[in-house]
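Survey of secondary and tertiary structure
These are the residues of each chain, in order.
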Amino acid sequence: MTIDRSDRSDRSDRSDRSDRGDRGDRGDRSDRGDRGDRGDRIDRGDRIDRRELADFLRRSRERVRPQDAGLPAGPRRRTPGLRREEVAQLAGMSADYYIRLEQARGPQPSPQMLAALARALRLDNDGRDHLHLLAGHRPPAGATAGDHVAPGLLHLLDQLETTPAQVLSDLGDVLAQNAMAQSLLGGVCTVSEHGRNVVWRWFADPANRAAYPPEEHAYYSRLHVADLRAAVGRRSGDPAAMRLVERLRGASEEFTELWERHEVAVRRHSRMRVAHPVIGAVDLDCQVLLAPEGEQRLVLYTPPPGTDAGDRLALLRVVGTEQFTPAT
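Residues numbered from 1 in each chain as written. Predicted model: local features only at pLDDT ≥ 70, side-chain atom pairs only at ≥ 80, totals over all residues. Heavy atoms only, no water.

1. Here we look at the side chain of Asp227
- Tracing the backbone through its elements, the reader meets Asp227 in helix α10 (residues 217-235).
- In terms of polar contacts, Asp227 uses its side chain to reach the backbone amide nitrogen of Arg267, at 2.8 Å.
- Residue contacts for Asp227: discarding those within four places in its chain leaves Asp170, Ala265, Val266, Arg267 and Arg297. (Helix = DSSP H or I, 4+ residues; strand = E, 2+ residues; numbered from the N terminus. Polar contact = N/O pair within 3.5 Å; in protein donor to acceptor, adjacent residues only side chain to side chain. Contact = heavy atoms within 4.5 Å.)

What follows is the structure, encoded as structure tokens:
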């Protein structure tokens with residue numbers, strides 16, 4: 001979904017909508033949810049690409065040498081790779097079931113069956129995810145990138161001498177900043193729990209909002225919460241994500257209210273205004289570049305065309321970190 005600045009509804013309006021939803025829509029939503037769940041299952045089944053799945057299974061089978069799977073090569077192999085029966089044996093399924101999958105006429109395999117096939121075919125994470133997508137399933141969550149930032153990304157940050165940029169985790173932890181970002185947004189606290197998390201600082205420390213126009217606060221709040229909702233959904237029960245949400249709900253009624261609206265929107269680009277004590281108010285385009293795994297993101301703050309923001313950033317580069325605003 002798109003978070004729109006035009007939504008200026010106050011608490012009473014939202015409360016009224018919530019009450020009406022509780023009284024009048026609950027049953028409807030429940031009915032729709034039941035139908036939607038069944039429809040989703042049917043849709044996922046319909047989205048299975050049997051032809052491509054069959055081809056991928058066959059090609060992957062042909063790339064695995066028998067000795068790599070712990071099987072004897074044997075003198076009479078007329079085709080490269082494993083036999084269909086061998087894949088079925090390694091995956092713990094019937095040969096007939098696997099053969100039908102390769103013939104593009106089998107039923108939709110379950111995620112557990114796909115995991116067994118990925119192991120049998122010695123697929124890496126990319127191949128495993130591709131297998132799940134062809135079969136109409138969401139790929140399993142992999143290991144998170146954590147706090148480690150790749151050296152190449154750190155090098156890129158250092159090369160962006162005129163553009164504020166920082167690396168954030170999908171939960172909003174500031175992992176690295178270049179000098180311009182520190183001058184514009186300030187440094188971050190790495191001592192207290194969640195002290196470097198932009199969502200926590202926005203909702204738990206009102207002083208961090210001072211550098212942003214009051215009329216934009218509601219918009220930024222919705223951006224933060226909707227983006228965090230998407231990240232928590234991708235992580236699916238991750239303890240760090242659950243801990244952050246739990247603390248935010250305990251610290252901020254505003255966060256709790258927005259969280260319960262269940263808006264979801266990955267933050268990819270937006271326009272923001274920062275009131276800096278030295279260069280004054282400056283409008284910037286916030287462009288988010290996602291890593292392939294989606295767990296870390298490079299955020300660039302660039303001057304919009306036709307504005308004086310570029311001149312203000314040039315001044316900021318000169319004054320450096322003599323004065324700065326709180327990071328958000």
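What follows continues from the structure just given.
2. Remarks on the pairing of strand β1 (residues 165-169)
- With 5 of 5 residues buried, β1 lies mostly within the body of the structure.
- Of the two faces of β1, both are covered, the one formed by Ala165, Val167 and Ser169 as well as the one formed by Gln166 and Leu168.
- Both β1 and strand β5 (residues 296-302) contribute to a ladder of 5 bridges, which runs antiparallel. By the bridge assignment, Ser169 is partnered in β5 with Gln296.
- With 3 bridges joining them, β1 and strand β2 (residues 174-177) adopt antiparallel strand pairing. Residue pairing for β2: Val167 is matched across the bridge by Ala176. (Buried < 20%, exposed > 50% of the residue type's maximum accessible area, 1.4 Å probe, protein only. Pairing = 2+ DSSP bridges.)

3. Here we look at the nonpolar core
- Phe203, Tyr212, Leu228, Leu248, Phe255, Met272 and Leu284 are the most contacted members of the largest nonpolar core, which totals 43 residues.
- Top element by residues in this core is α10. It accounts for 8 residues.
- Apart from residues no more than four positions distant in its own chain, Phe203 is found in contact with Arg209, Ser221, His224, Val225, Leu248, Ser252, Glu254, Phe255 and Leu258.
- Residues Leu53, Leu114, Ala118 and Leu131 belong to the second largest nonpolar core, which totals 24 residues. (Core = buried A, V, L, I, M, F, W, Y, C linked by side-chain atoms within 4.5 Å.)

4. Brief notes about a nonpolar patch on the surface
- A surface patch of nonpolar side chains, about 250 Å² in accessible area, is lined by Val278, Leu315 and Val318.
- Tracing the chain through its elements places Val278 in the loop between β3 (269-276) and β4 (280-290).
- What makes Val278 partly exposed here is its relative accessible area of 31%. (Patch = residues over 30% accessible without salt bridge, like charges linked within 9 Å, V, L, I, M, F, W, Y side chains within 5 Å. Areas by Shrake-Rupley, 256 points an atom, 1.4 Å probe, with all protein chains shown as cover. Salt bridge = Lys/Arg side-chain N within 4 Å of Asp/Glu carboxyl O.)

5. Re the pattern of salt bridges
- Under the definition given, this model contains 21 salt bridges.
- The salt bridge involving Glu102 is made with Arg61; its shortest N-O contact spans 2.7 Å. Residue Glu102 is located in helix α4 (residues 95-102), and its partner Arg61 is located in helix α2 (residues 50-63); the two are separated by 41 residues in the primary sequence.
- Residue classification places Arg61 among the buried positions, given a relative accessible area of 5%.
- Here Arg297 ties to Asp227 by a salt bridge, and the two come within 3.1 Å at their closest N and O atoms. Of this pair, Arg297 sits in strand β5 while Asp227 sits in helix α10, and the two are 70 residues apart along the sequence.
- Put simply, Asp55, Arg58, Arg59 and Glu62 are held in one network by salt bridges that share partners.

6. Some details on the packing of helix α5 (residues 111-120) against helix α6 (residues 125-134)
- Running from amino to carboxyl end, α5 crosses α6 at an angle of 145°, the nearest separation of the two axes being 10 Å. In this structure, the crossing between α5 and α6 has a hand that is right-handed. Mapping the contact onto sequence places Pro111, Leu114, Ala115, Leu117 and Ala118 in α5 and Arg128, Leu131 and His132 in α6. (Axes fitted to C-alpha atoms, helices over the stretch in contact; angles between N-to-C directions. Left-handed = near helix turned anticlockwise from the far one by under 90°.)

7. Regarding the sheet that holds β3
- The antiparallel open sheet is built from 5 strands, whose spatial order is β2-β1-β5-β4-β3. The sheet is open, and its two borders are formed by β2 and β3, each paired with just one other strand. When strand polarity is set aside, the average angle formed by the axes of neighbouring strands in this sheet is 30°.
- Both β3 and β4 contribute to a ladder of 8 bridges, which runs antiparallel. In the sheet register, Arg271 faces β4, and the bridge partner there is Asp285.
- Sitting on the sheet, helix α13 (residues 309-319) touches β3, β4 and β5, and the angle it makes with β4 is about 90°.

8. With respect to the packing of helix α11 (residues 239-251) against helix α12 (residues 253-261)
- Two elements in contact, α11 and α12, have axes whose closest approach is 5 Å; the angle formed by their N-to-C orientations is 120°. Relative to α12, α11 is oriented oblique. Contact with α11, carried on its side by Val245, Leu248, Arg249 and Ala251, involves Glu253, Phe255, Thr256, Trp259 and Glu260 of α12 and no other residues of that element.
- Taken together, the residues of the contact of α11 with α12 sort by class into 5 nonpolar, 1 polar and 3 charged. (Parallel < 35°, antiparallel > 145°, perpendicular 65-115°, else oblique. Nonpolar A, V, L, I, M, F, W, Y, C, P; charged D, E, K, R; others polar.)

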